[in-house]
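# Reading the structure
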Amino acid sequence: MHSFGARAAEMLGMSISDVPPGEGRIYVQTKGLGGAKEACPASPGAFAWRALDLGELAQDGHRPADDESVWWTLRGPTPPLTYTALRAVPNRINARIGANITLHDLRHTLCLRLIEDPGITLVDAQQVMRHRRITTTSTYLRPRIDEVISKVHEHYTRPKPPPQPLTGWAYDPDDLADAFGSN
């Protein structure tokens, strides 16, 4: 989730066929597309973890079909993960470490990291996050004060070109007389 910015509902709606190995992308049913699935880039690490999870399921005698859920619980006969169970994961972690992290915080973290990368444009981050409006993505823009100070200092210390005299141009004497009166 941290590498592809999925919302909880998008994660839980994924099936095994939505995570094709070797493509570097996953498919999620995004909100607002009328049921269409959209390709999203995912890190190689996401696929490695997915393979490990499927390997553990296979050791337990469960091989999910292509149309079955990607996410399973570790309790009982491996039922698909529910929203309540998914929310319980960070809650248990928070209780152990004294934090207050939500699943949506992982999504925010991804967007902030994407925007901080000079090789990724704001439009690229918008696409990954599946934001309908660029203004939603732009709320993640956070100028670094040391960079701002450096750029403004450079602006003030940059040599200014000497003013260029205006040639071939003059005030109309009648306009000057109208503005200031005649002598």
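One can find the structure itself at the top, above this paragraph.
Residues numbered from 1 in each chain as written. Predicted model: local features only at pLDDT ≥ 70, side-chain atom pairs only at ≥ 80, totals over all residues. Heavy atoms only, no water.

## A few points about the pairing of strand E1 (residues 25-29)
To be explicit about the condition: Remark: exposure states derive from per-residue accessible area (1.4 Å probe, protein chains only) relative to the maximum for the residue type, with buried under 20%, exposed over 50%, and partly exposed in between. Working definition: helices are DSSP H or I runs of at least four residues, strands are E runs of at least two. Numbering for both runs from the N terminus. Strands are treated as partners if at least two bridges between them are detected by DSSP.
Judged by which residues are buried, E1 turns out to be one-sided: Ile26 and Val28 face inward and are buried, whereas Arg25, Tyr27 and Gln29, on the alternate face, are not. Bridge analysis of E1 against strand E2 (residues 37-41) gives five bridges, and the strand direction is antiparallel. Across the sheet, the residue bridging to Gln29 is Lys37, located in E2.

## Considerations on the layout of surface pockets
As a reminder of what qualifies: A cavity here means a set of 1 Å grid points, computed over protein atoms only, where a 1.4 Å probe fits but cannot escape. A pocket is an open set with protein on both sides within 12 Å along at least 5 of 7 lines, and lining residues have an atom within 4 Å of a point. Grid points are joined across faces, edges and corners, and a volume is the space filled by probe spheres set on the points.
Taken as a whole, the largest pocket spans an internal volume of roughly 1,200 Å³. Every residue lining the largest pocket is counted, 37 residues in all, and those nearest its centre are Asp53, Trp71, Leu81, Leu86 and Val89. For the lining of the largest pocket, the secondary structure elements donating two or more residues are helix H2 (44-59), helix H3 (83-97) and helix H4 (103-116). If one sorts the elements of the lining of the largest pocket by residue count, H3 sits on top with nine residues.

## Let's talk about the nonpolar core
We apply this condition: Joining through side-chain atoms within 4.5 Å is the link that ties buried Ala, Val, Leu, Ile, Met, Phe, Trp, Tyr and Cys residues into a set, and such a set is a nonpolar core. By definition, residues are in contact when any of their heavy atoms lie within 4.5 Å.
Core analysis: the largest hydrophobic core is formed by 17 residues, its most contacted members being Phe4, Met14 and Ile26. Where this core is concerned, the elements lending two or more residues are helix H1 (8-12) and E1. Aside from chain neighbours lying at most four places away, what touches Phe4 is Met11, Met14, Ile26, Pro41, Ala42, Leu110, Val128 and Arg130. In terms of nonpolar packing, the next biggest core, distinct from the first, is built from eight residues, Cys111, Leu114, Ile115 and Ala125 among them.

## Quick look at a nonpolar patch on the surface
Heads up, the rule is: Residues with no salt bridge and a relative accessible area higher than 30% make up the patches, which join like charges within 9 Å and nonpolar side chains (Val, Leu, Ile, Met, Phe, Trp, Tyr) within 5 Å. The method behind every accessible area is Shrake-Rupley, applied with a 1.4 Å probe, and residues are considered shielded solely by the protein chains displayed. Any carboxyl oxygen of Asp or Glu within 4 Å of a side-chain nitrogen of Lys or Arg constitutes a salt bridge here.
Taken together, Ile145, Val148, Ile149, Val152 and Tyr156 make up a surface patch of nonpolar side chains, about 520 Å² in accessible area. By the element assignment, Val148 lies in helix H7 (residues 145-157).

## Some details on unusual backbone geometry
Even without a glycine there, the phi angle at Arg130 is positive, about 60 degrees. For Arg130, a relative accessible area of 9% gives the class buried.

## Observations concerning the packing of aromatic side chains
What counts, and what does not: Any pair of Phe, Tyr and Trp rings, taking the six-membered ring for Trp, is counted once the centres come within 6.5 Å. Such a pair is stacked with planes under 30 degrees apart, edge-to-face with planes over 60 apart, and tilted for the rest. Geometrically, a charge over a ring is one whose NZ (Lys) or CZ (Arg) sits within 6 Å of the ring centre while staying within 35 degrees of the ring normal.
Evaluated as defined, the whole model comprises zero aromatic pairs. Sitting over the face of the ring of Trp71, Arg50 holds its NZ or CZ atom 4.8 Å from the ring centroid.

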